Amino acid sequence: YDTPDELLKLVFSEIGRVMHVRMVTDKNTGKSKGYGFVEFSSNAEVLAAIDLMDGRFVAGREMRVKHAHNSGLGDAVDPPRKQNMGASPIQKAVNANFSDGEVYEMMLWSKRMTEENPEV
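Draft legend 1. Structural context of the nonpolar core. In this structure, Leu8, Phe12, Phe40, Met53, Met63 and Val65 are the most contacted members of the largest nonpolar core, which totals 15 residues. Contributions of two or more residues to this core are made by helix H1 (5–13), strand E1 (18–25) and helix H2 (43–53). Counting residues per element, this core draws most heavily on H2, which supplies four residues. Not counting residues up to four positions away in its chain, the partners in contact with Phe12 are Val18, Val38, Phe40, Ala49, Met53, Met63 and Val65.

In structure tokens, the structure reads:
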């Protein structure tokens, strides 16, 4: 539960423009409760984050990424095929064969290639 806000902001910034990150902590101990909130600048970025990051491992922990209940996105974000299914076979294979750093580098490379070659 020691994933800092800065790491989450860095990871989710590869998806889109992160407006705010807040890890929830116990008010008595100050220790993380193991979950937090990431706010994006658009609903499209929220949907991309859910699709790309749910089931990924960050700092050795599998993330569960879904919309906040008060986000206004409703059930459109969680179609039945995605609910309670966890990581896809591709996500599991990537997680089993690549470190977080390697996956991060692949994401950066993919983003650069997409920006440099938008017609492909």
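There is more to say after this.
Draft legend 2. Representation of the environment of Ala68 in the model. Tracing the chain through its elements places Ala68 in the loop between strand E4 (61–62) and helix H3 (89–97). Given the relative accessible area of 27%, Ala68 is considered partly exposed. Separated by 31 residues in sequence, Ala68 and Phe37 place their C-alpha atoms 7.9 Å apart.

Draft legend 3. Structural view of the environment of Leu10. Note that Leu10 resides in helix H1. By relative accessible area, which is 42% here, Leu10 ends up partly exposed. Spatially, the C-alpha atom of Leu10 lies 9.9 Å from that of Tyr104, the residues being 94 residues apart in sequence.

Draft legend 4. Region of the structure containing unusual backbone geometry. Phi is positive for Ala59, close to 55 degrees, though the residue is something other than glycine. Residue placement: Ala59 occurs in the loop between strand E3 (57–58) and E4.

Draft legend 5. Summary view of the pairing of E1. In terms of strand pairing, E1 meets strand E2 (residues 32–40) through six bridges, oriented antiparallel. Residue Met23 lies in a different strand from E2, and its bridge partner there is Gly36. The turn joining E1 and E2, which pair antiparallel and follow one another in sequence, is formed by six residues; a positive phi near 80 degrees is taken by Gly30.

About the thresholds
- Residues numbered from 1 in each chain as written.
- Predicted model: local features only at pLDDT ≥ 70, side-chain atom pairs only at ≥ 80, totals over all residues.
- Heavy atoms only, no water.
- Core = buried A, V, L, I, M, F, W, Y, C linked by side-chain atoms within 4.5 Å.
- Buried < 20%, exposed > 50% of the residue type's maximum accessible area, 1.4 Å probe, protein only.
- Helix = DSSP H or I, 4+ residues; strand = E, 2+ residues; numbered from the N terminus.
- Contact = heavy atoms within 4.5 Å.
- Pairing = 2+ DSSP bridges.

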